[in-house]
Amino acid sequence: MTMRSIFKALTTAAFCVVACASVAQAQDKWDSAAWIEGKPVTFKAGYNTVKQYPHGRAIERFANRVAERSGENLQIQTFPSEQAGNERQMLDSVILGNLDIAKVSTGVISTVVPEFGVFDLPYVFRDLNHMMATIRSKVGQDLAAKLEARNVKVLFWMEQGTRSFYTTSKQVRTPADLKGMKIRTIASPVMVDTINALGATATPMGFGDLYLGLKSGIVDGAENAPDAIWYAKHHEVAKYFSITNHFRTPVVVVMNKAKFDALPPEYKDIIMTTARDTEEWSGTLYSQVSVALLASLKKGGLTVVEADEAAFRKAVEPVYAKHGEKFAAHLKAIREIK
């Protein structure tokens with residue numbers, strides 16, 4: 001046999017080894033007992049934003065990591081952009097077990113577990129670090145336990161920046177500028193009372209309906225972070241963004257507790273380990289994106305207004321007078337967190 005023949009034979013053999021290994025590796029992915037027995041576990045997860053949104057990116061990453069770590073035996077199908085309903089509808093579906101996983105704002109959760117409303121109090125947190133320390137403290141643990149009593153398990157928390165006002169036809173610099181304006185808000189009692197205390201008329205509305213609401217004049221404005229405006233294209237129908245930073249609220253990715261409890265221990269561990277990783281990974285992603293997108297919004301023609309934040313802080317004092325007492329214990333604990 002010539003050297004050329006030997007080389008050709010070795011090359012062919014090596015190719016076969018690699019090819020066979022690749023095939024075996026590809027097959028191994030599906031070669032677990034769960035797949036052989038036709039019992040892979042599939043969950044459905046809903047959220048109200050596009051995939052590119054920071055929360056969407058985190059949830060998609062969570063779903064991918066869970067699949068990878070379980071050898072595809074545990075899969076999460078995602079339904080972005082309110083395909084599974086708005087946040088309140090998704091929360092109800094998770095409680096009933098019709099939806100397995102959902103991203104929900106604490107303002108929406110407060111309609112089911114009122115104590116979550118403490119997070120909706122205006123200017124309740126000093127900054128992002130204070131908020132994250134709070135949700136990882138006994139305060140967050142106590143609230144998670146109350147939610148579990150409603151058959152909903154907390155998987156992980158994320159930030160969603162600070163909320164400020166954006167309007168279609170009028171600049172807002174002081175609370176007086178909001179008088180007579182209809183402002184879309186989340187259906188949270190505390191948030192509704194805050195908007196009303198600032199002089200506007202709070203108008204609860206699903207986020208998916210807001211573009212048309214702004215365009216048609218059903219509402220005169222809304223309040224949210226810059227990235228929400230960008231991804232939903234609300235800058236196409238709004239002219240002004242007034243920096244008030246009146247709300248800094250977390251969001252929670254939750255799961256039907258009964259379905260979680262029914263999982264084998266190794267699957268529970270994969271989900272919770274991945275949840276902790278995702279919470280850490282998402283970190284300040286939202287804030288970073290918000291800063292970058294606010295700059296893009298300004299370049300695109302949105303007028304950014306520096307509002308009188310001190311005036312807004314003073315104007316929300318009646319909200320604490322009305323709601324502070326029922327949140328007294330948690331509010332005290334939050335203020336003591338360094």
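Preceding block: the structure.
Residues numbered from 1 in each chain as written. Predicted model: local features only at pLDDT ≥ 70, side-chain atom pairs only at ≥ 80, totals over all residues. Heavy atoms only, no water.

Caption draft 1: Local environment of the overall build of the protein. Across its full length, the protein holds 16 helices and 11 strands. Across the 338 residues in the protein, those meeting the buried criterion constitute 51%. Summarising the internal contacts of the protein: among those between residues at least 6 apart in sequence, 77% fall at separations of at least 24. Approximately 15,700 Å² of the protein is accessible, and the part contributed by carbon and sulfur atoms is 55%. (Helix = DSSP H or I, 4+ residues; strand = E, 2+ residues; numbered from the N terminus. Buried < 20%, exposed > 50% of the residue type's maximum accessible area, 1.4 Å probe, protein only. Contact = heavy atoms within 4.5 Å. Areas by Shrake-Rupley, 256 points an atom, 1.4 Å probe, with all protein chains shown as cover.)

Caption draft 2: Focus on the pattern of salt bridges. Under the definition given, this model contains 13 salt bridges. Here Asp142 ties to Lys138 by a salt bridge, and the two come within 3.0 Å at their closest N and O atoms. Highlighted residues: Asp142 and Lys138, both in helix α7 (residues 138-148), separated by four residues, approximately one helical turn. Looking at Lys138, the relative accessible area reads 57%, which means it is exposed. (Salt bridge = Lys/Arg side-chain N within 4 Å of Asp/Glu carboxyl O.)

Caption draft 3: Structural context of the packing of α7 against helix α16 (residues 328-336). Contact geometry of α7 with α16 gives a least axis separation of 10 Å together with a crossing angle of 150°. As judged from the angle between their axes, α7 and α16 are roughly antiparallel. Two secondary-structure elements touch here, α7 through Val139, Asp142 and Leu143 and α16 through His330, Ala333 and Ile334. When the residues that make up the contact of α7 with α16 are grouped by side-chain class, the tally is four nonpolar, one polar and one charged. (Axes fitted to C-alpha atoms, helices over the stretch in contact; angles between N-to-C directions. Parallel < 35°, antiparallel > 145°, perpendicular 65-115°, else oblique. Nonpolar A, V, L, I, M, F, W, Y, C, P; charged D, E, K, R; others polar.)

Caption draft 4: Quick look at the side chain of Arg184. Its location among the elements puts Arg184 in strand β6 (residues 182-185). Of the buried charged residues, Arg184 lacks a salt bridge, with Glu223 as the closest side chain of opposite charge at 5.2 Å. Separated by 2.8 Å, the side chain of Arg184 and the backbone oxygen of Met205 make a polar contact. With near-sequence residues (within four places) excluded, Arg184 lies in contact with Arg163, Thr203, Met205, Gly206, Phe207, Leu210, Val219, Gly221, Ala222, Glu223 and Asn224. (Lys, Arg positive; Asp, Glu negative; His and termini not counted. Polar contact = N/O pair within 3.5 Å; in protein donor to acceptor, adjacent residues only side chain to side chain.)

Caption draft 5: Seen up close, the pairing of strand β1 (residues 41-46). Where β1 lies against strand β2 (residues 74-79), six bridges are found, and the strand directions are parallel. What sits directly across from Val41, in β2, is Leu74. A crossover links β1 with its parallel partner β2, the connecting element being helix α3 (residues 54-69), and its sense is right-handed. Sheet topology places β1 next to strand β3 (residues 101-105); two bridges connect them, and they run parallel. The residue of β3 that forms the bridge with Gly46 is Ala102. (Pairing = 2+ DSSP bridges. Right-handed = clockwise from strand over helix to strand, strands pointing away.)

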